[in-house]
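# What the coordinates show
Here is how the chains run, residue by residue.
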Amino acid sequence: MNIERITLREIRMPLLAPFETSFGLTTDRRMILLEVAGEGAAGWGEVTAGEGPFYNEESTETAWYVLQKFLVPELLRKPVRSAADASERWEPVRGHRMAKGGLEAALWDWEARLSGRSLSALLGGTRKEIPCGVSIGIQESVEKLLEKIRVEVAAGYQRVKIKIKPGWDLAVLERVREQFPSLRLMADANSAYTLADRAHLKLLDRFYLMMIEQPLAHDDLLDHARLQKDLETPVCLDESIRTLRHAEQAIELGACRIINIKLGRVGGFQTARQIHDCCRDANVPVWCGGMLESGIGRAHNIALATLPNFSLPGDVSASRRYWQQDVITPEVEVTPGGTIQVPEGDGFGYGLRLDRIEKLTVRKETFP
Ligand code: OSB
Ligand code: MG
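Rules used throughout
Residues numbered from 1 in each chain as written. Chains lettered and ligands numbered in written order. Predicted model: local features only at pLDDT ≥ 70, side-chain atom pairs only at ≥ 80, totals over all residues. Heavy atoms only, no water. Helix = DSSP H or I, 4+ residues; strand = E, 2+ residues; numbered from the N terminus. Expected span 1.5 Å × (residues − 1). Buried < 20%, exposed > 50% of the residue type's maximum accessible area, 1.4 Å probe, protein only. Arc of directions from axis to C-beta. Contact = heavy atoms within 4.5 Å. Near = heavy atom within 4 Å. Polar contact = N/O pair within 3.5 Å; in protein donor to acceptor, adjacent residues only side chain to side chain. Areas by Shrake-Rupley, 256 points an atom, 1.4 Å probe, with all protein chains shown as cover. Donors = N, O, S within 2.8 Å, 3.2 Å for Na, K, Ca; no water. Domains from an automatic or database assignment. Buried area = accessible area lost by both parts, 1.4 Å probe. Salt bridge = Lys/Arg side-chain N within 4 Å of Asp/Glu carboxyl O. Nonpolar A, V, L, I, M, F, W, Y, C, P; charged D, E, K, R; others polar.

### Examining helix α5 (residues 142-155)
Its 14 residues place the ends of α5 20 Å apart at the C-alpha level, agreeing with the 20 Å of an ideal helix rising 1.5 Å per residue. Taken residue by residue, α5 has Val142, Leu145, Leu146, Ile149 and Glu152 as its buried positions. The arc that holds every buried residue of α5, seen down its axis, measures 125°, which confines them to one face. For α5, the secondary structure elements touched by its buried residues are β5 (133-136), β6 (159-163) and α6 (170-179). One or two steps after α5, the chain reaches Gly156, where phi turns positive at roughly 110°.

### Comments concerning the site of ligand 1
In the vicinity of ligand 1 lie 16 residues, with Ser135, Asn190, Lys262, Leu292 and Tyr322 positioned nearest. Between Asp188 and ligand 1, the recorded distance is 3.0 Å, taken from a side-chain N or O atom to an oxygen atom. At 2.7 Å, a side-chain N or O of Asn190 approaches an oxygen atom of ligand 1. Within the complex, the protein chains bury 97% of what would otherwise be the 390 Å² of accessible surface of ligand 1.

### A short note on the coordination of the magnesium ion (ligand 2)
Bound to the magnesium ion (ligand 2) are the protein donor atoms Asp188 (OD), Glu213 (OE) and Asp238 (OD), situated 2.1 to 2.3 Å from the metal. In the primary sequence, the donor residues of the magnesium ion (ligand 2) line up as D-x24-E-x24-D. With a gap of 25 residues between them, Glu213 in strand β8 (residues 212-213) and Asp238 in the loop between β9 (235-237) and α9 (244-253) connect regions that are remote in the sequence. By the burial criterion, Glu213 is buried, and Asp238 matches it.

### Focus: the domain arrangement of the protein
Annotation of the protein at the domain level lists domain 1 (5-116 + 352-367) and domain 2 (122-341). Distance between the C-alpha centres of domain 1 and domain 2: 23 Å. Here domain 1 and domain 2 share an interface that buries about 3500 Å² over both sides, 64% of which is from carbon and sulfur atoms. Among the residues domain 1 hides against domain 2, the three largest losses belong to Tyr55, Arg97 and Arg353. Together they make up 21% of the total. Where domain 1 packs against domain 2, one counts two salt bridges. The shortest N-O distance in the salt bridge between Arg353 and Glu331 comes to 3.0 Å. Connecting domain 1 to domain 2 are 20 residue pairs in polar contact (both at pLDDT 80 or more). Those elements that place two or more of their residues in the side of domain 1 that touches domain 2 are β1 (5-21), β2 (24-38), β3 (41-47), α3 (97-114) and α12 (354-360). Across the side of domain 1 that touches domain 2, the residue classes break down as 20 nonpolar, seven polar and 10 charged.

Here you go:
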């Protein structure tokens, strides 16, 4: 594959509503878009790092730096044979997986377009539609949360995830269960607890949640295994799974019964597929997580979620839940059955609103 040009852009997009988790509040997103062009086509990727290093150690600024200084120059140094081979070229760079994942995603989209195929087909995806859920942040009041859940359930979403933290957990879930006894419900703590909270977390069992996501430290496996032994509720790992090895070890230890796969967190499609296959072989279901992506990252998530073991509804939902206007066309929409129809066009299958992207761009750099 002959790369002629790589363009980095930082865009800023205000969220329609602030998103609060146990680690902080997001109001405006800063995302890096990558465009890889050559041989008469272009592919696009998105870096999913947060504005600050609070979900994991990366941020928009560190990703820009690592892309500009290390990842893009290494890619331009000699041609890659395929997108699947790209990630091994960046192995000498430790970590910085979201930066790698954004660039790798652009290569996958480009390769799919060059071969006149959908990204889903190139990845080995089989689904024509994917099941969808929503992630609802911490709210000012339980009433507000209940109202948000009502809206999403009416829209058809197949499951609801709420964010929890100490002080916003048992009493909140009690009220949600009262109002929605048969809702497919789960809770995400984003590492807000420790093993010392195990008796407290055990009380969650009475809400028969689909799972509790990442209750303990962001880099832990062993304590999660100890916790899972106590709980009836399945533990799902998000932050702790950054490599294939983490997934293998988590499964061997019994640290979780479900894994959330995020493209950026694991460094791209190649590793995401390996984790997917390892979970499939161990009968561990997976689902696709979200990072408040623009339409470009969202489109990649949709393609990833077409792989067969993505059997649970993911955090991939309609553009209009996040943005006044998205950067892709058509925008991502959800059917009344709570699914997203996978687009059939080349690459990730959506068009780009280049004029909108240009307006949102605050910096831009082209290589070589
Ligand atoms: O832990 O899944 C998470 C958003 C930002 C950082 C971490 C997480 C999330 C979400 C939102 O839950 C998912 C989405 O709607 O994109
Ligand atoms: Mg999570």
